[in-house]
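# Structural overview
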Amino acid sequence: MDDFQSGEETSFVVDEVSSIIKEAIESAIGGNAYQHSKVNQWTTSVVEQTLSQLTKLGKPFKYIVTCVIMQKNGAGLHTASSCFWDNSSDGTCTVRWENKTMYCIVSAFGLAI
Amino acid sequence: MLHSRVSFSGLPLFQPILKTRLENTYKMQPDEGCKFDAGRVQRVLEGALASALGTTVYSPQGSAPLAQSLAELLQSQAKEVVPPRYKLVCNVLLGQQGQQSLLVASRALWDPESDSFASATFSNASLFAVATVHGVYFE
């Protein structure tokens, strides 16, 4: 009695997601310096672009994308996340990016339905 | 359907572990009154952050494990108040209080009728913390 599995289609592929996130960050805040008035717009566009690219993959997943943008001022920052899910089908990918004036951390979580 | 193996050489043979397969429950939505209660989870998060971080001082070495343990603590507390069949994603941001500015944003692709999130912040003289818990219904 074999178990038919869809294989590659229903698992979270970290590399694919990580490249999607990097592209989104580059295009939204690529060569910009930190500007308080624009941060809101930047976080929104990074997150929305990532989410729309993820949806285009067409996998049966619910996604949660979080973005943190912080000004470089010498202060320290730590992030941690803990998830209650199914290890075999769900996954996460976090990308850290920086330039001379700011840090950007984007995390994408994919939960199978 | 039982599997069993016999060894003639006398060496130990481990029986294969049978994986239990669950049947489909065909439940697409949470029961009435059993949804993710964002207000309640937010209060739980605020209480937990305040009691865990009350007078803690930021230190570069100590804050990394602190953030991790905080994430696990918040997750276990959130699990108690959240209805069954919900998957949780808990994020904690712990930073040093300086003259910098920071913005946290999140978007999700989910079912707005059954899924939701809650967030809480805490700050004292030397550090600040932001905690977010997203609850997603598992069909």
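So, here is what we can say about the structure in this document. (Residues numbered from 1 in each chain as written. Chains lettered and ligands numbered in written order. Predicted model: local features only at pLDDT ≥ 70, side-chain atom pairs only at ≥ 80, totals over all residues. Heavy atoms only, no water.)

## A closer look at the overall build of chain A
Helices and strands together make up the secondary structure of chain A, namely 2 helices and 4 strands. For chain A, the N- to C-terminal ordering of α and β elements is α-α-β-β-β-β. Overall, the C-alpha framework of chain A stretches about 60 × 25 × 20 Å when taken along its three principal axes. The buried share of chain A, reckoned over its 113 residues, is 45%. Considering only contacts within chain A whose residues lie at least 6 apart along the sequence, 72% involve residues at least 24 apart. Taken as a whole, chain A presents about 5900 Å² of accessible surface, with 46% of it coming from carbon and sulfur. Measuring between centres, the 8 positive side-chain charges of chain A sit 15 Å from its 12 negative side-chain charges. (Helix = DSSP H or I, 4+ residues; strand = E, 2+ residues; numbered from the N terminus. Buried < 20%, exposed > 50% of the residue type's maximum accessible area, 1.4 Å probe, protein only. Contact = heavy atoms within 4.5 Å. Areas by Shrake-Rupley, 256 points an atom, 1.4 Å probe, with all protein chains shown as cover. Lys, Arg positive; Asp, Glu negative; His and termini not counted. Charge placed at Lys NZ, Arg CZ, Asp CG, Glu CD.)

## As for the sheet that holds strand E3 (residues 91–98) of chain A
Each strand in a sheet pairs with another by means of backbone hydrogen bonds, the pair being arranged parallel or else antiparallel. If you trace the 4 strands from one edge of the open sheet to the other, you get E3(A)-E4(A)-E1(A)-E2(B), paired in antiparallel fashion. Of all strands in the sheet, those bounded by a partner on one side alone are E3 of chain A together with strand E2 (102–109) of chain B. Each adjacent strand pair in this sheet contributes to an overall mean axis angle of 10°, direction not counted. Sheet analysis places strand E1 (residues 61–71) of chain A next to E2(B), joined by 8 bridges and oriented antiparallel. Paired with Val65(A) across the two strands is Arg107(B), which belongs to E2(B). Strand contacts of helix H1 (residues 14–29) of chain A: E1, E3 and strand E4 (102–112) of chain A, with the helix running at about 35° to E3(A), the strand carrying the most contacts. Packed onto the sheet, helix H2 (residues 39–56) of chain A meets E1 and E4 of chain A together with E2 of chain B and runs at close to 25° relative to E2(B). (Pairing = 2+ DSSP bridges. Axes fitted to C-alpha atoms, helices over the stretch in contact; angles between N-to-C directions.)

## Examining the packing of aromatic side chains
All names here are of chain B. Tallying each qualifying case throughout the model produces 4 aromatic pairs over all chains. Here the aromatic rings of Phe36 and Tyr86 are separated by 6.0 Å at their centres, their planes lie at 40°, and the arrangement is tilted. One end of the pair, Phe36, is in the segment before helix H1 (38–53); the other, Tyr86, is in strand E1 (residues 86–96), and 50 residues separate them in sequence. Exposure class is identical for Phe36 and Tyr86. Each is buried. (Phe/Tyr/Trp six-rings, centres within 6.5 Å; stacked < 30°, edge-to-face > 60°.)

## Some words on the nonpolar core
Formed by 28 residues in total, the largest nonpolar core has its most connected members in Val41(B), Leu49(B), Leu53(B), Leu74(B) and Val133(B). Sorting the residues of this core by element identifies H1, helix H2 (60–81), E1, strand E3 (116–123) and strand E4 (127–137) of chain B as the ones contributing at least two each. Those residues within four positions of Val133(B) in sequence are excluded, and the remaining contacts are Phe36(B), Val41(B), Leu45(B), Ala78(B), Leu88(B), Val89(B), Cys90(B), Ser116(B), Phe117(B) and Ala118(B). Ranked by size, the runner-up nonpolar core spans 27 residues in total, among them Leu54(A), Phe61(A), Tyr63(A) and Val65(A). (Core = buried A, V, L, I, M, F, W, Y, C linked by side-chain atoms within 4.5 Å.)

## What to know about H1(B)
All names here are of chain B. Relative to the 22 Å expected for 16 residues at 1.5 Å per residue, H1 spans 22 Å between its end C-alpha atoms, a close match to the ideal helical length. Within H1, the full set of buried residues consists of Val41, Leu45, Ala48, Leu49 and Leu53. Down the axis of H1, the buried set is contained in an arc of 100°. They therefore lie on one face. In H1, the exposed positions angled more than 90 degrees off the buried face are occupied by Arg43 and Ser51. (Expected span 1.5 Å × (residues − 1). Arc of directions from axis to C-beta.)

## Here we look at the packing of H1(A) against H2(A)
Residues and elements named next belong to chain A. Between H1 and H2, the least distance of the axes is 9 Å, while the angle of their chain directions is 145°. Helix-helix and strand crossings are classified by hand; for H1 and H2 the assignment is right-handed. Taken together, the residues of H2 that come into contact with H1 (itself represented by Val17, Ile20, Ile21, Ala24, Ile25, Ser27, Ala28 and Ile29) are Trp42, Ser45, Val46, Gln49, Thr50, Gln53 and Leu54. (Left-handed = near helix turned anticlockwise from the far one by under 90°.)

## Some words on the interface of chain A and chain B
Each partner contributes residues to the interface: chain A has 42 residues there, and chain B has 41 residues. For the pair chain A and chain B, the two sides together bury roughly 3600 Å², of which 59% comes from carbon and sulfur. Among the residues of chain A in contact with chain B, Lys62(A), His78(A) and Phe84(A) are the three that bury the most area, contributing 21% of the side total. The interface formed by chain A and chain B contains 3 salt bridges. With a closest N to O distance of 3.0 Å, Asp115(B) and Lys62(A) form a salt bridge. Applying the counting criterion to the chain A and chain B interface returns 19 residue pairs in polar contact (both at pLDDT 80 or more). Those elements that provide at least two residues to the side of chain A that touches chain B are H2, E1, strand E2 (77–84) and E4 of chain A. In terms of residue count, the dominant contributor to the side of chain A that touches chain B is E1(A) (11 residues). Sheet analysis places E2(A) next to E1(B), joined by 8 bridges and oriented antiparallel. Bridging from a neighbouring strand, Ala80(A) pairs with Val92(B) of E1(B). (Buried area = accessible area lost by both parts, 1.4 Å probe. Salt bridge = Lys/Arg side-chain N within 4 Å of Asp/Glu carboxyl O. Polar contact = N/O pair within 3.5 Å; in protein donor to acceptor, adjacent residues only side chain to side chain.)

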